[in-house]
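Fold and geometry: a report
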Amino acid sequence: MSVPNEAPLFDPRLIERFEIKGPRYTSYPTADRFQVPFDASVFRNALENRSPPERPLSLYVHLPFCASICYYCACNRIITGDHGRSSKYLKYLGREIALLTGHLRGGRQVVQLHWGGGSPNFLSDAETRQLMALIRHFFDLQADGEFSIEIDPRQVDSGRIALLGDIGFNRISVGVQDFDPAVQAAIHRRQTLEETARVIEAARDRGFKSISVDLIYGLPRQTLAGFARTLDQVIALRPDRLSVYNFAYLPQLFKPQRRIAEADLPSASTRLNILALAIRTLTEAGYVYIGMDHFARPQDELAVAQRQGRLHRNFQGYSTHADCDLLAIGISAISKVGTVYSQNGKTLDEYYGHLDRGELPVARGYELSTDDLLRRAVIQALMCQFELEFAAIEKGFGISFAEYFVIELQELRELEAAGMVSMDGETIQVLPAGRLLVRAVAMVFDRYLRADHQKTRYSKVI
């Protein structure tokens, strides 16, 4: 078998042929399939009947507040300068955590913690300490766990980094997107290389174990030469991980994007050339291609987990702990406990209303069937390891893979003929030419897409 994290082969002809719209598969079924309304008692039962009850936890906290708007943003965020709003929000986070843990059976050991947003560093120093103290009151944070936070370098200094280290964070994710001044003006996010470097060096000096940088390609006024400079500048900062996301321009869904002129977006060919440049530049700099839009140094935990077959994908992207239940707190946050997905309401009014009534703030969710669990395992293997052994699935689910997926295997013949996958009757391997298009491979096994063929709600796979 080939090495799973071998660099992808950039083939423009294949991309043109197979670049379709499709899910990112941070879950299966995908969140757009969640049921509304959803009985919160189903989620409560999942909390109260965890199996095994000592299963470790991954904890996500959504902090939606931002001081300024970035026009590309598709996150659930609230633009404000009023810390009275964040102070109130923290009180309600406390209510939700108390309700959750009141139903939680078994151990409360947290091996992963992530604060996302929004901008988590919108919180004041006092609010930051308050929230971590609240979490520690209800949960047992593992001494050597992975505790990360998303950082906007424009609003953080070395003192804040020291505070984050003091309260337990050991990983940061730094938003950059692009250092080109023309691009920054077009997306309303002016951020200098110097202030970004100061934050990264402060985290490194403080002993943070992992530093990740986020970039976006396909932004307005972006050029090949400009992004090449950004890549060189970012590589010089020596992050442990990089994400190079495709900008999904969906102004009909995300109002801030309406401030971006479509005419300012790079052409399809320029966008693909930027992606090709990023792959070549990062792999030549020693980064391993993890999958989709993620790169990491060979010694990074993601790369190690992939080599060992432990890589996992959840609502925060690629992860190293497949054996966790995920508890997600705050507006729009999505939990996964056992066979149940549960998503909170997306607005503050909805979220506060549920909690004022003493209810879990569940807005929608999904209870997975045996078929869902089977297909989730298949999609996870393809997305994370680029290979799938029929025997492992057959043993886990008591099926004949070739009989159960006879239609899907036939459909994969087209991808096999194109050189994207190989099949030998016992395995499926995503070849280097298919790795950038792995979402298209995974989509073959998505029963819901097969049922309705509605792909317009998704971004393109490249």
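Small disclaimer: the values here were computed from a predicted structure and weren't measured. (Residues numbered from 1 in each chain as written. Predicted model: local features only at pLDDT ≥ 70, side-chain atom pairs only at ≥ 80, totals over all residues. Heavy atoms only, no water.)

Scanning the chain from N- to C-terminus turns up 17 helices and 19 strands. Relative to its length of 462 residues, the chain is compact, with a C-alpha radius of gyration of 22 Å against a globular reference of 23 Å. C-alpha extents for the chain along the principal axes are approximately 60 × 55 × 40 Å. When burial is assessed residue by residue, the chain has 59% of its 462 residues classed as buried. On the chain, roughly 18,500 Å² of surface is accessible, and the fraction owed to carbon and sulfur atoms is 50%. Within the chain, the 55 negative side-chain charges are centred at a point lying 4 Å from the centre of the 54 positive side-chain charges. (Helix = DSSP H or I, 4+ residues; strand = E, 2+ residues; numbered from the N terminus. Rg over C-alpha atoms; globule rule 2.2 N^0.38 Å. Buried < 20%, exposed > 50% of the residue type's maximum accessible area, 1.4 Å probe, protein only. Areas by Shrake-Rupley, 256 points an atom, 1.4 Å probe, with all protein chains shown as cover. Lys, Arg positive; Asp, Glu negative; His and termini not counted. Charge placed at Lys NZ, Arg CZ, Asp CG, Glu CD.)

Pairing is antiparallel across the open sheet formed by three strands, whose spatial order is 17-19-18. Single-partner strands in this sheet number two, and they are strand 17 (387–389) and strand 18 (421–423). With direction set aside, neighbouring strand axes in the sheet form an average angle of 10°. Relative to strand 19 (residues 427–430), strand 17 runs antiparallel, the two sharing three bridges. (Pairing = 2+ DSSP bridges. Axes fitted to C-alpha atoms, helices over the stretch in contact; angles between N-to-C directions.)

The subject of this paragraph is the pattern of salt bridges. According to the stated counting rule, one finds 26 salt bridges in the structure shown. A salt bridge links R24 to D293; the shortest N-O distance between them is 2.9 Å. Of this pair, R24 sits in the loop between helix 1 (12–18) and helix 2 (40–48) while D293 sits in the loop between strand 9 (288–291) and strand 10 (294–296), placing them 269 residues apart in sequence. On the basis of relative accessibility, which here comes to 6%, the residue D293 falls in the buried class. Notably, a salt bridge pairs R229 with D180, separated by 4.0 Å at the nearest N-O pair. Within this pair, whereas R229 is found in helix 8 (residues 224–236), its partner D180 is found in the loop between strand 6 (171–177) and helix 6 (181–187), the two being separated by 49 residues in sequence. Its relative accessible area of 11% is what places D180 among the buried residues. (Salt bridge = Lys/Arg side-chain N within 4 Å of Asp/Glu carboxyl O.)

For the rest of this paragraph, the subject is the nonpolar core. L113, W115 and F139 are the most contacted members of the largest nonpolar core, which has 137 residues in total. Residues within four places of F139 in sequence aside, it is in contact with L57, L59, I97, T101, L104, R108, V110 and L327. In this structure, C70, Y72, F247 and I260 belong to the second largest nonpolar core, which totals twelve residues. (Core = buried A, V, L, I, M, F, W, Y, C linked by side-chain atoms within 4.5 Å. Contact = heavy atoms within 4.5 Å.)

In this model, Y28 is joined to P29 through a cis peptide bond whose omega is -5°. Its location among the elements puts P29 in the loop between helix 1 and helix 2. Of the consecutive residues G117 and G118, the connecting peptide bond is found in the cis state with omega at 15°. For R221, which is not glycine, the phi torsion reads 65° and is therefore positive. Residue placement: R221 occurs in the loop between strand 7 (210–217) and helix 8. A positive phi angle, near 60°, is found at R238, a position not held by glycine. Structurally, R238 can be placed in the loop between helix 8 and strand 8 (241–246).

Within helix 11 (residues 348–356), the full set of buried residues consists of L348, Y351, Y352, G353, H354 and L355. Where helix 11 is buried, its residues meet strand 2 (65–66), strand 3 (78–79), helix 3 (83–103), strand 13 (325–329), strand 15 (340–344) and strand 16 (362–367). G358, located one to two residues past helix 11, shows a positive phi value of around 75°.

As enumerated under the stated definition, the model contains 18 aromatic pairs in all. Ring centres of F34 and Y341 lie 5.4 Å apart, and the angle between their planes is 20°; on these two criteria the pair is classed as stacked. Of the two residues, F34 is situated in the loop between helix 1 and helix 2 and Y341 in strand 15; the sequence distance between them amounts to 307 residues. Of the residues examined, F34 reaches a relative accessible area of 5% and is grouped as buried. On the numbers, 6.0 Å between centres and 50° between planes, the contact of Y351 with Y352 is tilted. For the pair formed by Y351 and Y352, the shared burial category is buried. Stacked on the ring of Y318, the Lys or Arg R313 has its end atom at 4.6 Å from the ring centre. The aromatic ring of Y448 is capped on one face by R447, whose charged end is 4.6 Å from the ring centroid. (Phe/Tyr/Trp six-rings, centres within 6.5 Å; stacked < 30°, edge-to-face > 60°. Lys NZ or Arg CZ within 6 Å of the ring centre and 35° of its normal.)

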